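Each chain is listed here by its residues.
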Amino acid sequence: MGGYPEGAPCWADVSLSDVAAGKRFYGGLFGWTFDENTGRGQYTNVYLDGRRVAALQPKRDGRMPTTWTVYFATPDIRALAARIREAGGRTITEPMPVEPHGMMALAADPGGAVFGVWQGAAHAGFERVRRPGSFCWTEVYTRDKDQADAFYAAVFGYRGTDAGSDAGLGADIRSWSLPGAEPGPESAVGARSLMSDAFPAALPDHFLVYFLVEDCDVTAAACVRLGGRVTTEPFDIRYGRVAVLVDDQGATFGVLST
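For the structure given in this document, a descriptive report is provided here. None of the values given here were measured: they were computed from a predicted structure.

Before going further, it helps to spend a moment on the overall build of the protein. Check the secondary structure of the protein and you find 4 helices and 16 strands. A principal-axis box enclosing the C-alpha atoms of the protein has dimensions of 40 × 40 × 35 Å. Every one of the 258 residues in the protein was classed for burial, and the buried ones make up 50%. A separation threshold of at least 6 residues defines the contact pool for the protein, and within that pool the share at least 24 residues apart is 59%. Accessible surface for the protein amounts to roughly 11,900 Å². Of this, 50% is attributable to carbon and sulfur atoms. Within the protein, the 31 negative side-chain charges are centred at a point lying 4 Å from the centre of the 24 positive side-chain charges.

So, about the packing of aromatic side chains. Per the stated rule, a full pass over the model turns up 28 aromatic pairs. Here Trp11 and Phe126 contribute two aromatic rings whose centre-to-centre distance is 5.6 Å and whose plane-to-plane angle is 40 degrees, an arrangement assigned as tilted. Taken together, the positions of Trp11 in strand β1 (residues 9-16) and Phe126 in the loop between β8 (114-120) and β9 (135-142) put the pair 115 residues apart, joining distant regions of the chain. A centroid spacing of 5.3 Å and a plane angle of 40 degrees characterise the contact between Phe72 and Phe156, whose relative ring orientation is tilted. Remark: Phe156 occurs in helix α3 (residues 145-156) and Phe72 occurs in strand β5 (residues 67-73); sequence separation between them is 84 residues.

This part is about the sheet that holds strand β3 (residues 44-48). Spatially, the 8 strands line up as an open sheet ordered β2-β3-β4-β1-β5-β8-β7-β6, and their pairing is mixed. Bordering the open sheet on either side are β2 (33-34) and β6 (90-98), each of which pairs with just one other strand. Across 2 bridges, β2 lies against β3 in antiparallel orientation. Note on β3: the bridge partner recorded for Thr33 is Tyr47. Against the sheet, helix α2 (residues 77-86) makes contact with β6, β7 (102-108) and β8, and its axis sits at roughly 175 degrees relative to β6, the strand it touches most.

Burial runs high along β7: 7 of the 7 residues are buried. With burial as the criterion, each face of β7 is covered, one bearing Gly102, Met104, Leu106 and Ala108 and the other bearing Met103, Ala105 and Ala107. The sheet contact formed by β6 and β7 spans 6 bridges and is antiparallel. Each bridged residue has a counterpart across the sheet, and for Thr93 the counterpart in β7 is Leu106. Remark: 3 residues form the turn of the hairpin made by β6 and β7, two consecutive strands paired antiparallel.

Mapped onto the elements of the fold, Asp109 is located in the loop between β7 and β8. Among buried charged residues, Asp109 stands out as having no salt bridge; its nearest opposite-charge side chain is Arg90, 8.2 Å away. In this structure the side chain of Asp109 is engaged in a polar contact, spanning 2.9 Å, whose partner is the backbone nitrogen of Gly111. Separated by 2.9 Å, the side chain of Asp109 and the backbone nitrogen of Ala113 make a polar contact. Every residue in contact with Asp109, bar those within four places of it in the chain, is listed here: Gly89, Phe115, Val140, Phe151 and Tyr152.

With that settled, the discussion passes to the state of the cysteines. Inspection of every chain in the model, using the stated rule, returns 0 disulfides. The closest cysteine sulfur to the non-disulfide-bonded Cys10 is located on Cys136, 16 Å from its own sulfur. Distance from the sulfur of Cys223, which forms no disulfide, to the nearest cysteine sulfur (Cys216) is 11 Å.

The rules behind the values
- Residues numbered from 1 in each chain as written.
- Predicted model: local features only at pLDDT ≥ 70, side-chain atom pairs only at ≥ 80, totals over all residues.
- Heavy atoms only, no water.
- Helix = DSSP H or I, 4+ residues; strand = E, 2+ residues; numbered from the N terminus.
- Buried < 20%, exposed > 50% of the residue type's maximum accessible area, 1.4 Å probe, protein only.
- Contact = heavy atoms within 4.5 Å.
- Areas by Shrake-Rupley, 256 points an atom, 1.4 Å probe, with all protein chains shown as cover.
- Lys, Arg positive; Asp, Glu negative; His and termini not counted.
- Charge placed at Lys NZ, Arg CZ, Asp CG, Glu CD.
- Phe/Tyr/Trp six-rings, centres within 6.5 Å; stacked < 30°, edge-to-face > 60°.
- Pairing = 2+ DSSP bridges.
- Axes fitted to C-alpha atoms, helices over the stretch in contact; angles between N-to-C directions.
- Salt bridge = Lys/Arg side-chain N within 4 Å of Asp/Glu carboxyl O.
- Polar contact = N/O pair within 3.5 Å; in protein donor to acceptor, adjacent residues only side chain to side chain.
- Disulfide = S-S within 2.5 Å.

Laid out in structure tokens, this is it:
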């Protein structure tokens, strides 16, 4: 059993066509190092100061999306998969062992946003978070907030706090706190964000993974220099400065400096 409470984001990985190119991009952007002796087609753990912070994985099929996936912890992955289905979601990949590390599954909420679930064993998840170069936040972007709020409350028991209007976010956002915690910014583990008409009509519901950085503007400029793109220029919120970036293969992620 892993060390993260159920519903807490505990891991993130990115699916890429070219893992070697991904190493060059993310190593240059965040200073990450990578598993040694991993051959072509293998899952590659990512490290910062010797601590595991994410992973790169090769796409098994070129038609699969190039995307970051966030995983939520659970002590009982089969029971969680059943709750996902009962709440109107679906399992894309049924719970499967990843020996000796744990068990994983991929799921989608009723709006189609894809996320992972992880029952940790030898691999509990992140060994470093909320420090520069590591995971710090995740949000699901949806066009149906009522449906999303009901789903994640039923699946993980999240307690929500509406956070957009007083946080300088300019959006309808509800933060998530784990059961037993007092809802609010101090206990939030993620959030739901309503997609406005400013988002492309073809953009589906999706999760966005954020990494903490020392300087949001410097990181955005480095992303472009390394062959990526900036889709949302750096802007200020109450919690710091954020931007949305795309790597050189098309995977979208956010960065935050505080």
